[in-house]
Amino acid sequence: RIRPSEAETMPFPTEETTPPVTKMYLAIPSGCRSSGRRSRIPYSTRPRRGVSNHHLAPLDTHPEDRGVTPTYDPTLFRGTAAFYLRGRPPYSAALPESLAREANIEGRRVLDVGCGPGTVAIDLAPYAAEVVGLDPDGEMLVEATRHAERRGVSNVRWVQGRAEDLGTLDLGGFALITFAQSFHWTDREAVAEVVYDLLEPGGTLALIGHEVRGRPQPAGPGAPPIPHEAIQALLDRTLGPERRAGQ
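All of the points below concern the structure found in this document. This is a predicted model, so every value here is computed, not measured.

**Some words on the pairing of strand E6 (residues 174-180)**
Alright, step 1. The buried fraction of E6 is high, at seven of seven residues.
Alright, step 2. Pairing of E6 with strand E7 (residues 199-211) involves six bridges; the strand directions are parallel. Note on E7: the bridge partner recorded for Ala 180 is Ile 208.
Alright, step 3. Remark: the E6/helix H5 (residues 188-198)/E7 crossover connection has right-handed handedness.

**Let's talk about a nonpolar patch on the surface**
Alright, step 1. On the surface, a nonpolar cluster with roughly 340 Å² of combined accessible area is contributed by Ile 226, Ile 231, Leu 235 and Leu 239.
Alright, step 2. Within the element layout of this structure, Ile 231 appears in helix H6 (residues 228-239).

**Some points on the environment of Leu 76**
Alright, step 1. Mapped onto the secondary structure, Leu 76 falls in the loop between strand E2 (21-27) and helix H1 (81-87).
Alright, step 2. Sequence spacing of Leu 76 and Asp 137 is 61 residues, and the spatial spacing of their C-alpha atoms is 9.1 Å.

**Digging into helix H4 (residues 138-151)**
Alright, step 1. If you check H4, its first and last C-alpha atoms are 20 Å apart, about what 14 residues at 1.5 Å a residue would give, namely 20 Å.
Alright, step 2. All of the buried residues in H4 are Met 140, Leu 141, Glu 143, Ala 144, His 147 and Ala 148. Down the axis of H4, the sector holding all buried residues measures 160 degrees, keeping them to one side. Those residues of H4 that are exposed and aimed more than 90 degrees away from the buried face are Glu 149 and Arg 150.
Alright, step 3. Between a side-chain oxygen at the N-terminus of H4 and the backbone nitrogen of Glu 139 the separation is 2.8 Å; the capping residue is Asp 137.
Alright, step 4. The first or second residue beyond H4 is Gly 152, which carries a positive phi of 70 degrees.

Parameters and conventions
- Residue positions are given per chain, counted from 1 along the sequence in the order it is written.
- The model is predicted, so local features are restricted to residues of pLDDT at least 70 and side-chain atom pairs to those at 80 or more, both for listing and for counting; the totals for chains, interfaces and linings are taken over all residues.
- Only heavy atoms go into the side-chain values, all of them from the structure, while hydrogens and water stay out.
- Burial status follows relative accessibility: with a 1.4 Å probe on protein chains alone, a residue under 20% of its type maximum counts as buried, one over 50% as exposed, and anything between as partly exposed.
- Note on conventions: DSSP H or I runs of at least 4 residues are helices, E runs of at least 2 residues are strands, and numbering of each starts at the N terminus.
- Pairing between strands requires that DSSP locate at least two bridges from one strand to the other.
- With the strands pointing away from the viewer, any crossover whose connection runs clockwise from the first strand over the helix to the second is right-handed.
- Patches in this entry comprise residues that are over 30% relatively accessible and not in a salt bridge; like charges within 9 Å are linked, as are nonpolar side chains (Val, Leu, Ile, Met, Phe, Trp, Tyr) within 5 Å.
- In these tables, accessible area is a Shrake-Rupley quantity obtained with a 1.4 Å probe, and a residue counts as shielded only by the protein chains included in the view.
- In what follows, salt bridge is the name for a side-chain nitrogen of Lys or Arg lying within 4 Å of a carboxyl oxygen of Asp or Glu.
- To estimate how far a helix should extend, the number of its residues minus one is multiplied by 1.5 Å.
- Think of it as the arc spanned by the lines of direction from the helix axis to the C-beta atoms.
- As used in this structure description, the phrase polar contact means that two N or O atoms lie within 3.5 Å; if the pair is within protein, one of them must be able to donate a hydrogen and the other to accept it, and residues adjacent in sequence are counted only when both atoms belong to side chains.

Listed below in structure tokens is the structure:
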């Protein structure tokens, strides 16, 4: 099934007053592994509890980049790791419990791909037997280790590597595999195929991201709107027009 989770339906305002709503799509693969190579990724799209279905395409949190596989640059996030936890908008507070319930991860293993400083991995740890956080950036994993220590979380381990390396890392099987604002950085079709092989029967793939487009505009506290154009102009003058995550 591929559908928005309950976390998406929470009545969060838009970015003008609070962090944007957390949108989460769950994809639970079904289909045979019988003879020969399966045809693409046989996702089931059965509705559940009256929640609307979505085709696989909406799982892409950056539709403008659809069909384009970014070239990996190991310096892309250099210098950003120390600022991630306090600088990026938080996910919905309901996300860990909702996701743990939907994916039924109690006593089971979870993999968070593109884990960064462990934001989602550490939040899911209390609900799972073990969480593995995968990220290609060593600085991110250093911050993730520190974050886990501060939170007193001991059932998370960190692995340095790319999503495209999953088939060679011998990580075992998982009840849940998450990509929190990271799937668009990958070779999506190839990575989804590998993820299918790593999921236990009935396992869940969750793609998580923020969404503000199309959300109702709340009355707000009367504060002026965020000057997005002025901020972008300042970034262009200071950092240059080329879009980069770090440095």
